[in-house]
Each structure stands twice: as structure tokens, then as C-alpha cells.
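Structure assessment
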Amino acid sequence: MGGCSTLSSEPTPRGCFDIQVEALADTPPPVTRADIERAAERIADHVRRTPVMRLETGAFGVEGELILKLELLQRTGSFKLRGAFNRLLSARVPPAGVLAASGGNFGLAVACAARETGHPAEIFVPDTSPAVKAERIREQGFPTHIVPGYFAEALEAARERAAETGAMLMHAYDQPEVVAGQGTIGKELSDQVPDATTVLVAVGGGGLVAGIASWFAGDVRIIGVEPRRCPTLTEALRSGGPVDIEVGGLAADSLGSRRAGDIAYATARRFVEEVVLVEDDAIADAQRALWSSCRLIVEPGGAAALAALRSGAYRPHRDERVVVVVSGANADVTSIVG
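Notes on the structure in this doc start here. From a predicted model like this one, the values you see are computed outputs, not experimental measurements. (Residues numbered from 1 in each chain as written. Predicted model: local features only at pLDDT ≥ 70, side-chain atom pairs only at ≥ 80, totals over all residues. Heavy atoms only, no water.)

Right, let's talk about the sheet that holds strand β1 (residues 52-54) for a bit. Spatially, six strands are ordered β1-β2-β10-β7-β8-β9 in an open sheet, and the strand pairing comes out mixed. Sheet topology places β1 and β9 (274-278) at the edges, where each strand pairs with a single neighbour. Put simply, the sheet's adjacent strands are angled 25° from each other on average, direction ignored. Sheet topology places strand β8 (residues 221-227) next to β9; five bridges connect them, and they run parallel. Across the sheet, Gly224 pairs through a bridge with Val275, a residue of β9. Sitting on the sheet, helix α8 (residues 207-216) touches β7 (198-202), β8 and β10 (321-326), and the angle it makes with β7 is about 160°. (Pairing = 2+ DSSP bridges. Helix = DSSP H or I, 4+ residues; strand = E, 2+ residues; numbered from the N terminus. Axes fitted to C-alpha atoms, helices over the stretch in contact; angles between N-to-C directions. Contact = heavy atoms within 4.5 Å.)

Here it is as C-alpha cells:
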């Protein structure tokens, strides 16, 4: 499918940006299907193969067939465990252990993986993340440092600590092993929904969309979905490379990276057809709809992909078979059903 490429005089698809396909052909992708195959073998005994839910005709007011990939049922409540285990199991971890910065989900995943593999860990969490996420990390038994600000400030604190201790820094979305781990979702979808035409994926730093897009490699339409107040990949594509943005909004704890990853940017140029933006109100609406219709408690970042459909930011054709990745469940329940 080739992403947002513009090869003729036809109008550029909505939300897409002109790219130089010739230059991309000379550069191998950062993460390949073979990398994801190896990751799947490596992490198979540690993560769940999450189910899909095929919905009734007209569900959520969407034309076409709609399928939910229920990654919120993954251990630790999000997809992040896949990348955390793949990174840990493919590296030589120093005696000082590992460090991670996270809005919560990746930190919890790293803490879980470190505990099960017997490595020390320290996690840095911004104070803008929900308290429930930091508390779940503490329950794993590792030091959890609360840092003023957002993910970028927590990452800087983790980098400083890594320089002091010699611990291995695990990046939440911009390391090949992490992206390959997240890409195992795409591998599962190939088996579960072999006739899928479109996959909608929420984007923060871009590790999830990069992994899934790397697996399908243009065979399926990949649509990235970002909160309007955290448009990291949108701005990277607009600017010709990752740039710093201002972060805020309802989903900032999970999608609030200040800058898209280099891997996500390089992969999106090849394999992501479109990136759309959704408002906070649409994300909250999608959370409520998932609870009302499916009895699923979904965090804001996990509901962003569905928000694109319900708000009309992405309008599928009647013959599209659309998969929505529901990526996380670590929410304050009272904010949805209270």
C-alpha cells in the first residue's frame, strides 16, 4: 500500500504528507517482519495472545465490519509488556539492572518483566499520570520516582540516573526490540483477522503503530490516531522529521510523548497511510461507549482509535473490514462509570 506516498497528479489522501519514495527504497526499514517473528518466539511464554471481538453490523454507528483487538486484556493491562519482555530477553542486562521512564504503562510492563527475569529496576513516572498507574508499579516492588512534568521530563531523569548507575535504559517506544515486541500484535492479527483491510492504532511516541505497520508492511491500510493536543507523528510528518511539541489533554499519560520516535517516523513514511487527530471529548465519548456497549473499561489512550471512527475523523467505506486496537485498560474506573 506504500503509506501516504504521492506518485501522480492525484490529490494527496487526507492527513497525508508528500514523501520521497525513491529515497526510502534505498534504506532498509528499522524493524522487519523477521524481527517480529523472532520477538514472537522470544516472548511467547510471557505474554498473552489477546482475543478479538467481532461486532454486530452498525456497532458504534460505523459502516463496514468492525473488529476490536482486545489488547487491554494483556497482562499489566496494556500492550507494553510485549516490547518490555522482548527488550529484556534480547539484551545483556548489567548488574545495575534496568531503568525506564513512562506515563505508567511501559513502567509497569518493565517492572513486571524485570521481576520475572530477576533484574533490578527503577521506574520514573511524571506527576501528570494518574496515581493508579504509579501505585501499580510500586506493587511490583521496585523504586518508583515521581517527576514533575510529562514523559519527556521523566525520560531525562531516567537518563541521568542511568549515567550514574550504569543501568540499562529501556525506551518506551524508540528501540528496535521494543517496537518489534509491539509488532507481535500485527502477527496475531494476521491469524485472527486474515481478511482485515484497515487497522486503526493510537499513537503516542509511535512504538505501537510502528510495530504493527512493520509487520503488515503495506499489505493492510494502517491509520494512526493521535489526540489533537499530542500530535507528535502528525507534526513529524509535516516537518520532515521528529520535532518537539507541546503536550496536554485527556490522554497525555499514555499518548503524551513530546516527540515522535525516529523509528516511528521512518516506519510511518513507508507504511502508515494516514494519521488523524481526535479531540478529547471524542476520546471520552469512546471510553463511555466501550463501557456501555461492551462493558470494557478502557483508558483514554486505549480508546483513541475508536474515537476516530465515532467522531468521523476516519470514515471507513462500507466494504472495509476495520480492526481497532484497544490498547490499554489502566484507567480510573470512576472517571468512566462514576
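The next thing to look at is the packing of aromatic side chains. For the structure on display, the rule yields one aromatic pair. Relative to Tyr173, the ring of Phe151 lies with its centre 5.7 Å away and its plane at 45°, an arrangement referred to as tilted. Placement of the pair is Phe151 in helix α6 (residues 151-165) and Tyr173 in the loop between β6 (168-170) and α7 (176-192), with a sequence separation of 22 residues. One exposure class covers both Phe151 and Tyr173, and it is buried. Geometry around Trp215 places Arg33 over its ring, the cationic atom sitting 4.9 Å from the centre. Here Arg295 stacks its cationic end above the ring of Trp291, 4.3 Å away from the centre of that ring. (Phe/Tyr/Trp six-rings, centres within 6.5 Å; stacked < 30°, edge-to-face > 60°. Buried < 20%, exposed > 50% of the residue type's maximum accessible area, 1.4 Å probe, protein only. Lys NZ or Arg CZ within 6 Å of the ring centre and 35° of its normal.)

Turning our eyes to something else, we now look at the side chain of Thr50. Mapped onto the secondary structure, Thr50 falls in the loop between α2 (33-43) and β1. With residues up to four places along the chain from it excluded, the contact list for Thr50 reads Lys69, Leu70, Glu71, Leu73, Gln74, Arg82, Glu188 and Gln192.

As for its placement among the helices and strands, Ser102 is situated in the loop between β3 (98-101) and α4 (105-117). Looking at Ser102, the relative accessible area reads 3%, which means it is buried. Of the polar contacts made by the side chain of Ser102, one reaches the backbone nitrogen of Gly104; its length is 2.7 Å. (Polar contact = N/O pair within 3.5 Å; in protein donor to acceptor, adjacent residues only side chain to side chain.)

All right, on to the sheet that holds strand β5 (residues 144-147) then. Each strand in a sheet pairs with its neighbour through backbone hydrogen bonds, running either in the same direction (parallel) or in the opposite one (antiparallel). If you walk across this open sheet you meet the four strands as β5-β4-β3-β6, and the pairing is parallel. Only two strands of the sheet have a single partner each, and these edge strands are β5 and β6. Here the average twist between neighbouring strands, direction ignored, is 20°. Where β3 meets strand β4 (residues 121-126), four bridges bridge the pair, whose relative direction is parallel. Each bridged residue has a counterpart across the sheet, and for Leu99 the counterpart in β4 is Glu122. Taken strand by strand, helix α3 (residues 80-89) contacts β3 and β6, and its axis lies near 155° from that of β6. Contacts from α6 reach β3, β4, β5 and β6, with the element oriented near 165° to β3.

The values are spatial; any link to function lies outside them.
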